[in-house]
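A structural walkthrough
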Amino acid sequence: MNAKIAVLAGDGVGREIVPEAVKVLRAIGEKYHHTFEFVSADIGGQAIDKVGVPLPQDTLALAMQSDAVLLGAVGGPKWEGLEYSLRPERALLGIREALGLYANLRPAKVYADLVDASTLKREVIEGIDILVVRELTGGIYFGKPKGIETLANGEERGFNTEVYTTEEVRRIAKVAFEAARKRRKKVTSVDKANVLESSELWRRVVIDVHKGYPDVELGHMYVDNAAMQLVRNPRQFDVLLCNNIFGDILSDEAAMLTGSIGMLPSASIGAKVGLFEPIHGSAPDIAGKNIANPIATIASAAMMLSYAFQLDNEAEAIEQAIVKTLDLGYRTKDIQSPGASIVGTAEMGDAILRNLT
Ligand code: NAD
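So, here's what we can say about the structure. (Residues numbered from 1 in each chain as written. Predicted model: local features only at pLDDT ≥ 70, side-chain atom pairs only at ≥ 80, totals over all residues. Heavy atoms only, no water.)

Focus on the side chain of His280
Our working rule: Helix and strand labels come from DSSP, where a helix needs a run of H or I of at least four residues and a strand needs a run of E of at least two; each type is numbered from the N terminus. The cut-offs for exposure are 20% and 50% of the maximum accessible area for each residue type, with area from a 1.4 Å probe on protein chains only; residues under the lower value are buried, those over the upper are exposed, and the others partly exposed. Contacts between residues were defined by any pair of non-hydrogen atoms, one from each residue, lying within 4.5 Å.
Structurally, His280 can be placed in the loop between strand S12 (274-278) and helix H10 (295-308). The exposure class of His280 is buried, given its relative accessible area of 13%. Leaving out residues up to four positions away in the same chain, His280 has contacts with Val13, Ile17, Ala73, Ile261, Gly262, Asn293, Ala296 and Thr297.

Quick word on the pattern of salt bridges
Spelled out, the test is: Salt bridges are defined by distance alone: a side-chain nitrogen of Lys or Arg within 4 Å of a carboxyl oxygen of Asp or Glu.
According to the stated counting rule, one finds 20 salt bridges in the structure shown. The salt bridge partner of Arg183 is Asp129, with a shortest N-O separation of 3.4 Å. Highlighted residues: Arg183 in the loop between helix H6 (166-181) and strand S8 (186-191) and Asp129 in strand S5 (residues 129-135), separated in sequence by 54 residues. Taken together, the salt bridges that share partners define one network made up of Asp129, Arg183, Arg184 and Asp238.

Focus on the pairing of S5
Spelled out, the test is: At least two DSSP bridges between two strands are needed for those strands to be called paired.
Of all seven residues in S5, six are buried; the element is thus mostly enclosed. Note that strand S4 (residues 103-109) and S5 share seven bridges and pair antiparallel. Looking at the pairing, Asn104 lines up with Arg134 of S5.

Description of the site of the ligand
The test is simple: Think of it this way: one heavy atom of a residue within 4 Å of a molecule or strand is enough to make that residue near it. Polar contacts, as used here, are pairs of N or O atoms within 3.5 Å; protein pairs need one atom able to donate a hydrogen and one able to accept it. Residues neighboring in sequence count only if both atoms are side-chain atoms. For the accessible areas, the method is Shrake-Rupley and the probe is 1.4 Å, while residue cover comes only from the protein chains on display. Three classes are used, and their members are as follows: Ala, Val, Leu, Ile, Met, Phe, Trp, Tyr, Cys and Pro are nonpolar, Asp, Glu, Lys and Arg are charged, and the others, Gly among them, are polar.
Within the structure, the ligand sits among 19 residues, and Glu89, Gly281, Ala283, Asp285 and Asn293 are positioned closest to it. The separation between an oxygen atom of the ligand and a polar main-chain atom of Gly76 is 3.2 Å. One of the backbone nitrogen or oxygen atoms of Ala283 is found 2.8 Å away from an oxygen atom of the ligand. Coverage of the ligand by the protein chains reaches 69% of its 810 Å² of free accessible surface. Class assignment for the residues of the shell around the ligand results in eight nonpolar, seven polar and four charged.

Here it is, written out as structure tokens:
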């Protein structure tokens, strides 16, 4: 296949980890005879320094004309004093909105070699492989009316609205069922249907969409129970389907099961172009030292192959290379373990490249 990939490395460690992911994608292209065209552009603080805004028009145009976007991270102390609308992080909101990214996919997978990095017991987390599918553009974060008003008695009242339409639930449910088909074919839909009407509709629509996916098992769980089950028995989950606010909370909880932020990829899916990025930020405390872990970004590239291009075998090849590299004892500083050899960012990228079979 031919694909054009927008490469937005951004700031801090973004400039070190993104080239490693590009290296791996190039190797996959050669090996499997795909033509990937990589086009780089500025975003975040780096763009502010060059042209005065965090998300230049050229960058946005490139993203919209590409088949997928690979993003590093934005932000850093240098730009913290800027007015809010000019901060590097504004670029993230801008690009997500422009690309209409309504689904966020965050896997939480515990690699066998890193089980001891988790704060939970080995027997609880060994073998977990969860995908949180979070609705990203609806729900209580965007619902209207919202605001803070002053009542006649002088007291203030703050309010937000949890709101979902049938179509919004339908499209995110489809993403979850499609993702489950690439995995263990089990979706757990999270709601609060015993209390919230919006959840009642959510559950009804999910059940309806499920009729088109008879090969996928569907279960429902109240959000309070889901939060508890994630630390009690996380292995029961394959795909967790969540609205915006529940997904916000549960995806962080699921991420922390695995122990290291440098290992966690993500995908955001929209009507057309998807965006793939590590969940961590620009890590200014370790930037420029060749010690950042590139695995989250390399695994984000694997998600791109699977979710943007339907290249599941190629994605699996990257996953296997990561597993093998960890098996061989390669560790960046953040995941170091007794007896393992500590390697730098580029060396970890090279090792994964060598282990692509
Ligand atoms: P962070 O994720 O950058 O760092 C948190 C901690 O994790 C730090 O100790 C860092 O060294 C470590 N870490 C992060 N990525 C790592 C990696 N790949 N390998 C090893 N260790 C890693 O979060 P923060 O410190 O709160 O934010 C730093 C900057 O990043 C801020 O300007 C923030 O606004 C921005 N940020 C950007 C994004 C994004 O671009 N998507 C997300 C979060 C934060």
